[in-house]
Amino acid sequence: MIRLLLADDHPVVRAGLRALFSAEPDMEVIAEAQTAEEAVAAAASGNVDLVLMDLQFGGVLHGAEATRQVRSRPGAPRVLVLTNYDTDADILGAIEAGASGYLLKDAPPAELIAAVRAAAAGESALAPAVASRLDTRTHAPETQLSLREAEVLGLVAAGRSNREIGQDLFLSEATVKSHLVHIFTKLGVTSRTAAVAKARDLGTIRKA
């Protein structure tokens with residue numbers, strides 16, 4: 001039996017997932033969480049095999065960091081990200097945090113059920129579109145932003161200054177400027193505005 005924790009701040013989404021998994025003979029939803037903080041706490045109970053984790057929550061803690069906290073404990077459950085976001089920044093953040101899989105919420109039910117079984121068994125479970133994006137990054141790494149560069153540019157898009165970005169990411173202002181130089185070079189642009197626009201078009205960071 002695969003014991004599941006559903007972590008999503010939308011009750012309707014959790015209800016739909018519970019109904020889907022309840023019909024499977026080898027799955028049981030044993031807990032739900034509407035905040036990332038609740039998810040981290042519930043995952044530490046020792047009764048959970050797999051956490052289905054959204055990335056965006058209403059609280060301070062978001063899904064990628066919650067995934068990192070869940071996976072950092074001994075005997076931690078696996079984490080399968082289930083979200084609406086498919087940007088490079090989101091995907092890389094989740095995978096680097098320790099997620100075993102990454103699916104989009106428009107995935108067919110059969111694909112989601114198969115992904116849960118794969119992730120619970122310790123296998124990688126990636127949506128086809130996500131796998132394709134990661135494959136593209138592997139074959140053209142010189143033109144792809146790193147996770148840190150995507151984080152920096154995401155904060156630029158939010159209107160943060162270099163100083164504020166440094167404070168948010170615990171970087172020196174000089175390091176932030178260095179990241180921006182690399183970002184401009186990779187994207188073939190010469191301004192912050194152009195970098196944000198191109199990164200959004202490429203799906204590197206979220207659209208506004």
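See the structure shown above.
Computed from a predicted structure; not experimentally measured.

Chemist: Whenever I open this one, the layout of surface pockets confuses me. Can you help?
Modeler: By rolling a water-sized probe across the atoms, one finds the places where empty space is left. Looking at the largest pocket, its volume works out to about 820 Å³. Lining the largest pocket are 24 residues, and of these His 62, Ala 64, Asp 90, Glu 151 and Arg 206 lie nearest its centre. Broken down by secondary-structure element, the contributors of at least two residues to the lining of the largest pocket are helix H3 (63–71), helix H4 (88–97) and helix H7 (147–157). It is H7 that provides the largest number of residues to the lining of the largest pocket, a total of six residues. Taken together, Asp 88, Arg 133, Thr 136, Arg 137, Thr 143, Gln 144, Leu 145, Lys 186, Leu 187, Lys 198, Leu 202 and Thr 204 make up the lining of the second largest pocket. Sorting the residues of the lining of the second largest pocket by element identifies helix H6 (128–139), helix H9 (173–187) and helix H10 (192–202) as the ones contributing at least two each. For the lining of the second largest pocket, the element with the most residues is H6, which contributes three residues.

Chemist: For this particular structure, what's the right way to read the nonpolar core?
Modeler: For soluble globular proteins, nonpolar side chains are generally found buried alongside one another. Counting 28 residues, the largest nonpolar core has Leu 4, Phe 21, Leu 52, Leu 80, Leu 112 and Val 116 as the members making the most contacts within it. Broken down by secondary-structure element, the contributors of at least two residues to this core are strand E1 (2–7), helix H1 (11–22), strand E2 (27–33), strand E3 (50–53), strand E4 (78–83), H4, strand E5 (101–104) and helix H5 (109–120). The biggest single contributor to this core is H5, with six residues. Counting 17 residues, the second-largest nonpolar core is a separate cluster that includes Leu 155, Leu 180, Phe 184 and Ala 195.

Chemist: Just to check I follow, could you spell out the sheet that holds E5 for this structure?
Modeler: Strand pairing in a sheet relies on backbone hydrogen bonds, with the paired strands running either antiparallel or parallel. On the basis of which strands lie adjacent, the open sheet formed by six strands has the order E2-E1-E3-E4-E5-E6 and parallel pairing. Edge positions in the sheet fall to E2 and strand E6 (125–126), since each of these pairs with one other strand and no more. Here E1 runs beside E3; their pairing, made up of four bridges, is parallel. Considered in E3, the bridge of Leu 5 is made with Val 51. The strands touched by H1 within the sheet are E1, E2, E3 and E4, with E2 carrying the most contacts at an inclination of about 165°. The sheet strands contacting helix H2 (residues 36–43) are E1, E2 and E3, and the helix crosses E1 at an angle near 160°.

Chemist: Just to check I follow, could you spell out the environment of Ser 124 for this structure?
Modeler: By the element assignment, Ser 124 lies in the loop between H5 and E6. Distance in space between the C-alpha atoms of Ser 124 and Val 29 is 21 Å, their sequence separation being 95 residues.

Chemist: Sorry, what's going on with the packing of H9 against H10 here?
Modeler: When two helices pack together, their arrangement is given by the angle between the helix axes and the distance between those axes. Relative orientation of the contacting elements H9 and H10 amounts to 55°, with a least axis distance of 10 Å. As judged from the angle between their axes, H9 and H10 are oblique. Crossing of H9 against H10: the hand is left-handed. Facing Leu 180, Ile 183, Phe 184 and Leu 187 of H9, the residues of H10 in contact are Arg 192, Ala 195, Lys 198, Ala 199 and Leu 202.

Chemist: Where do I start with the packing of aromatic side chains in this structure?
Modeler: What describes a pair of aromatic rings is the distance from one ring centre to the other and the angle between the planes of the rings. All told, the structure shown has zero aromatic pairs when counted by the stated rule. Over the face of the ring belonging to Tyr 85 we find Arg 206, whose NZ or CZ atom lies 3.6 Å from the ring centre.

Chemist: I'm lost on the pairing of E4 in this one. Help?
Modeler: E4 sits mainly inside the fold: five of its six residues count as buried. The pairing of E3 with E4 spans four bridges and is parallel. Counterpart to Met 53 in the pairing with E4 is Val 81. At this point the chain moves from E3, through H3, to the parallel E4, and the crossover so formed is right-handed. Relative to E5, E4 runs parallel, the two being bridged by four bridges. Its bridge partner being in E5, Val 81 is matched across the sheet by Tyr 102.

Chemist: Is there a simple way to think about the pairing of E2 in this case?
Modeler: A regular strand places its side chains on the two faces of the sheet in alternate fashion. Pairing of E1 with E2, which is carried by six bridges, proceeds in the parallel orientation. Paired with Leu 5 across the bridge in E2 is Ala 31. In the classification by handedness, the crossover that spans E1, the intervening H1 and the parallel E2 is right-handed.

The rules behind each value
- Residues numbered from 1 in each chain as written.
- Predicted model: local features only at pLDDT ≥ 70, side-chain atom pairs only at ≥ 80, totals over all residues.
- Heavy atoms only, no water.
- 1 Å grid on protein atoms, 1.4 Å probe; cavity = no way out; pocket = protein on both sides within 12 Å on 5 of 7 lines; lining within 4 Å.
- Points joined across faces, edges and corners; volume = space filled by probe spheres on them.
- Helix = DSSP H or I, 4+ residues; strand = E, 2+ residues; numbered from the N terminus.
- Core = buried A, V, L, I, M, F, W, Y, C linked by side-chain atoms within 4.5 Å.
- Buried < 20%, exposed > 50% of the residue type's maximum accessible area, 1.4 Å probe, protein only.
- Pairing = 2+ DSSP bridges.
- Contact = heavy atoms within 4.5 Å.
- Axes fitted to C-alpha atoms, helices over the stretch in contact; angles between N-to-C directions.
- Parallel < 35°, antiparallel > 145°, perpendicular 65-115°, else oblique.
- Left-handed = near helix turned anticlockwise from the far one by under 90°.
- Phe/Tyr/Trp six-rings, centres within 6.5 Å; stacked < 30°, edge-to-face > 60°.
- Lys NZ or Arg CZ within 6 Å of the ring centre and 35° of its normal.
- Right-handed = clockwise from strand over helix to strand, strands pointing away.

By themselves, these are just geometric observations and shouldn't be taken as functional.
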